[in-house]
Amino acid sequence: NSSDLSPSSFILASIPGLENTHVWMATLLCSLYILAVTGNCAVLFVVRAEPSLHLPMYFFLCMLAAIDLALATSTVPRVLCFYWFNTREISFGACLVQMFFIHTLSAIESTVLLAMAVDRYVAICHPLRHPAILTNAATAKIGVLAMARGVVFFLPLPLLLLPLPFCSSRTLSHSFCLHQDVMNLACASTTPSLVYGLAAILLVMGLDAVLICLSYILILRAVSRLASWKERLKAFSTCVAHICVVLAFYVPLIGLSLVHRFGKDLAPVVHITMGHIYILVPAVLNPIIYGVRTKQIQRRILNLI
């Protein structure tokens, strides 16, 4: 007697009128996915095999590579099935699991980026104390804390959606599951889920972004006190790779959030494209950025090739 039923599945979004291009889109996404997997696996292998890279900065880089691999793998294979085999349905349970992994891994990556910013701050502002503060044991504890923080803050998101009834229209805005996207399809009040989701993002990604900016303000103050421009450039150049990685993570994240909040009237292609950029661009760019900026990684990869 009612269309407000617990869903058995959701329908993944496609771009109207471009169904004939699905094979080409899948080929492009598959190429980017292979590039992301190859690059991040290469980073993990090089850091493990090169004793000179057994430092906190590169252990954080390994964490970043592992997170990017997990994030891409939790979404891209399902997207490729959709584009190649036109399997548009995803079960309610699988959607919630995918949502949990996407948001939790993003929170963990944000925490690791903050830890890398702190590492750069200590290395530049307190170089003599750096080995004593950021030991390998402290780095491992930070990694565990980042995982626990992501799980604790974002596990409630799918749990809050479980009891909600959903309308007969169950077509998502993306080709994978995001909290805001699924929540908008509910027929009951979503205020608790909305408030908690916004609070979780602000307390994790928002707070991390503020603390990263604060770290770089302190770094710039310390660098500006150096005697010569050459010393200033040399000191700040150690932060360039991290700044690029931070931008590669936060710019797509902010763009996707803005599309969800204010872009309801935008064409579906905008939502789908922003979603793919958010999932794949950081995973592809991060190993390239650090590969270009780190001579030891360059040499080792060239030797492998």
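Note that the coordinates shown come from a computational prediction; the quantities given were computed from them, not determined experimentally.

Of regular secondary structure, the protein possesses 13 helices and 2 strands. For a compact globule of 305 residues, the expected C-alpha radius of gyration is about 19 Å, and the protein comes in at 21 Å, within 12% of that figure. By sequence separation, contacts in the protein at least 24 residues apart represent 80% of the contacts at least 6 residues apart. For the protein, the exposed surface amounts to about 15000 Å²; the carbon and sulfur share of it is 71%. Computing the positive centroid from 19 side-chain charges and the negative centroid from 11, the protein places the two 14 Å apart.

This part is about the environment of F166. When you line up the elements, F166 lands in the loop between α7 (156–161) and α8 (179–183). F166 sits in the buried class, given a relative accessible area of 0%.

The next point concerns the packing of aromatic side chains. For the coordinates displayed, the defined rule picks out 6 aromatic pairs. Ring geometry for F10 against F166: centres 5.4 Å apart, planes inclined by 80°, an arrangement best described as edge-to-face. Placement of F10 in strand β1 (residues 9–11) and of F166 in the loop between α7 and α8 is noted, with a sequence separation of 156 residues between them. Across the pair, exposure class does not vary: F10 and F166 are buried alike. Aromatic side chains F249 and Y250 sit 4.9 Å apart centroid to centroid with 85° between the ring planes, which places their arrangement in the edge-to-face category. Judged by its relative accessible area of 3%, F249 is buried.

Mapped onto the present numbering, the UniProt feature "transmembrane region" (unreviewed entry) falls at residues 23–46, 58–85, 91–118, 139–162, 194–219, 240–263 and 269–292. Span residues 91–118 is 96% helix and 4% strand, its end C-alpha atoms 41 Å apart. A helix fraction of 92% and a strand fraction of 0% characterise residues 139–162, whose end C-alpha atoms lie 36 Å from each other.

Sequence positions flagged by UniProt for "domain: G-protein coupled receptors family 1 profile" (unreviewed entry) are, in local numbering, residues 39–290. With 78% helix and 1% strand, the stretch residues 39–290 has end C-alpha atoms that lie 10 Å from each other.

Now for a nonpolar patch on the surface. Nonpolar side chains collect at one region of the surface, where L28, L32, L35, L285, I288 and V292 lie side by side and expose about 500 Å² of accessible area between them. Contributing elements (two or more residues each) for the nonpolar patch: α1 (22–49) and α12 (268–293). Mapped onto the fold, L285 is located in helix α12. Judged by its relative accessible area of 34%, L285 is partly exposed.

Scoring rules and cut-offs
Residues numbered from 1 in each chain as written. Predicted model: local features only at pLDDT ≥ 70, side-chain atom pairs only at ≥ 80, totals over all residues. Heavy atoms only, no water. Helix = DSSP H or I, 4+ residues; strand = E, 2+ residues; numbered from the N terminus. Rg over C-alpha atoms; globule rule 2.2 N^0.38 Å. Contact = heavy atoms within 4.5 Å. Areas by Shrake-Rupley, 256 points an atom, 1.4 Å probe, with all protein chains shown as cover. Lys, Arg positive; Asp, Glu negative; His and termini not counted. Charge placed at Lys NZ, Arg CZ, Asp CG, Glu CD. Buried < 20%, exposed > 50% of the residue type's maximum accessible area, 1.4 Å probe, protein only. Phe/Tyr/Trp six-rings, centres within 6.5 Å; stacked < 30°, edge-to-face > 60°. UniProt positions renumbered as here; feature names shortened; annotations may be inferred. Patch = residues over 30% accessible without salt bridge, like charges linked within 9 Å, V, L, I, M, F, W, Y side chains within 5 Å. Salt bridge = Lys/Arg side-chain N within 4 Å of Asp/Glu carboxyl O.

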